[in-house]
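Results of the structural survey
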Amino acid sequence: MSPHLRIARPVRDLARAVDQYQRGLGLEQLAHFVDHAGFDGVMLGLRGADFHVEFTVCRTHPVTPRPTPEDLWVFYLPDPQAWAERCQAMRSAGFKAVESFNPYWSEQGCTLEDGDGYRVVIQ
């Protein structure tokens, strides 16, 4: 098996996070679990890609997300039309366009924030 990256994040509302990222980034549900040692979670990604994201909620000790303006996922889309369509899909999915903390990301990108305050840059 080749290296594979999983990024895990706590969220307040699992269904909302899954919906936002599926609609906004076009990710699909790869797996899920219910009450695994008190945690529920969903893994999203693109089949065949070397990464996926995991969103979790803890049933017994909820973890409050604490993102900073520099906690970023950056997705590079070199085609201008694909970039514009993805930015619109993100807004339609409930992401809020925000000013980037680091101005570099605003030069050719769009920074968007999810319902928990995590940021995604479409570059």
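Below: a short report on this structure. All values reported here derive from a predicted model rather than from experimental measurement.

Glancing now at the packing of helix H1 (residues 14-25) against helix H2 (residues 80-92). Remark: H1 packs on H2, axes separated minimally by 7 Å, with the N-to-C direction vectors making an angle of 155°. As judged from the angle between their axes, H1 and H2 are roughly antiparallel. Between H1 and H2 the crossing geometry is right-handed. Taking contact as the criterion, the partners of Arg 23, Gly 24 and Leu 25 in H1 are, on H2, Arg 86, Ala 89, Met 90 and Ser 92. Taken together, the residues of the contact of H1 with H2 sort by class into three nonpolar, two polar and two charged.

Here we have four strands laid out as an open sheet, ordered E1-E4-E3-E2, and mixed in their pairing. Where the open sheet ends on each side, the last strands, each with one partner, are strand E1 (5-10) and strand E2 (28-36). Pairs of neighbouring strands in the sheet enclose a mean axial angle of 20°, with direction left out of account. Bridging between E2 and strand E3 (residues 39-45) involves six bridges; their strand directions are antiparallel.

Glancing now at H1. Between its first and last C-alpha atoms H1 spans 16 Å; for 12 residues at 1.5 Å apiece the expected length is 16 Å, and the two agree. Turning to H1, its buried residues number three or more, namely Leu 14, Ala 17, Val 18, Gln 20, Tyr 21, Gly 24 and Leu 25. Each buried residue of H1 lies within a common arc of 165° when the element is viewed along its axis, so the set occupies one face. Close packing links the buried residues of H1 with E1, E3, strand E4 (51-58), strand E5 (72-75), H2 and strand E8 (119-122). The N-capping residue of H1, defined by a side-chain oxygen 3.2 Å from the backbone nitrogen of Ala 15, is Asp 13.

Below, the discussion takes up the environment of Glu 85. Take Glu 85: it is sitting in helix H2. Sequence separation of Glu 85 and Gly 24 is 61 residues, and the distance between their C-alpha atoms is 9.9 Å.

In total, this model carries eight salt bridges according to the counting rule given. Residue Arg 16 is joined to Asp 116 by a salt bridge in which the shortest nitrogen-to-oxygen separation is 3.1 Å. In this pair, Arg 16 is assigned in helix H1 and Asp 116 in the loop between strand E7 (110-113) and E8, connecting sequence segments 100 residues apart. For Asp 116, a relative accessible area of 6% corresponds to the buried category. Within this structure, Arg 12, Arg 16 and Asp 116 form a network of salt bridges that share partners.

Reading guide: rules and limits
- Here the residue numbers are simple positions, counted from 1 along each chain's written sequence.
- Predicted model: local features are reported for residues with pLDDT of at least 70 only, side-chain atom pairs are reported and counted for 80 or more only, and whole-chain, interface and lining totals are derived from all residues.
- Note that water and hydrogens are dropped before the side-chain values are worked out from all heavy atoms of the structure.
- To obtain an axis, a line is fitted to C-alpha atoms, over the contacting stretch when the element is a helix, and the angle between two such axes runs from 0 to 180 degrees between their N-to-C directions.
- In this description a helix means any DSSP run of H or I spanning at least four residues, a strand means any run of E spanning at least two, and both kinds are numbered starting from the N terminus.
- Angle categories: roughly parallel below 35 degrees, roughly antiparallel above 145, roughly perpendicular from 65 to 115, and oblique for all the rest.
- Two helices cross in a left-handed way if the nearer one is turned anticlockwise from the farther one by less than a right angle. They cross in a right-handed way if the turn is clockwise.
- Only heavy atoms matter for contacts: two residues are in contact if any of them lie within 4.5 Å across the pair.
- Ten residue types, Ala, Val, Leu, Ile, Met, Phe, Trp, Tyr, Cys and Pro, are classed as nonpolar, four, Asp, Glu, Lys and Arg, as charged, and the remainder, Gly among them, as polar.
- Strand pairing is assigned whenever DSSP identifies at least 2 bridges connecting the two strands.
- Every helix has an expected span of 1.5 Å times one less than the residues it contains.
- Three exposure classes are used, based on accessible area relative to the maximum for each residue type with a 1.4 Å probe and protein chains only: buried under 20%, partly exposed in between, and exposed over 50%.
- Directions pointing from the helix axis toward each C-beta atom define the arc.
- Two N or O atoms form a polar contact when they lie within 3.5 Å of each other; inside protein one atom must be a possible hydrogen donor and the other a possible acceptor, and for residues adjacent in sequence the pair counts only when both atoms belong to side chains.
- Here, a salt bridge means any Lys or Arg side-chain nitrogen found within 4 Å of an Asp or Glu carboxyl oxygen.

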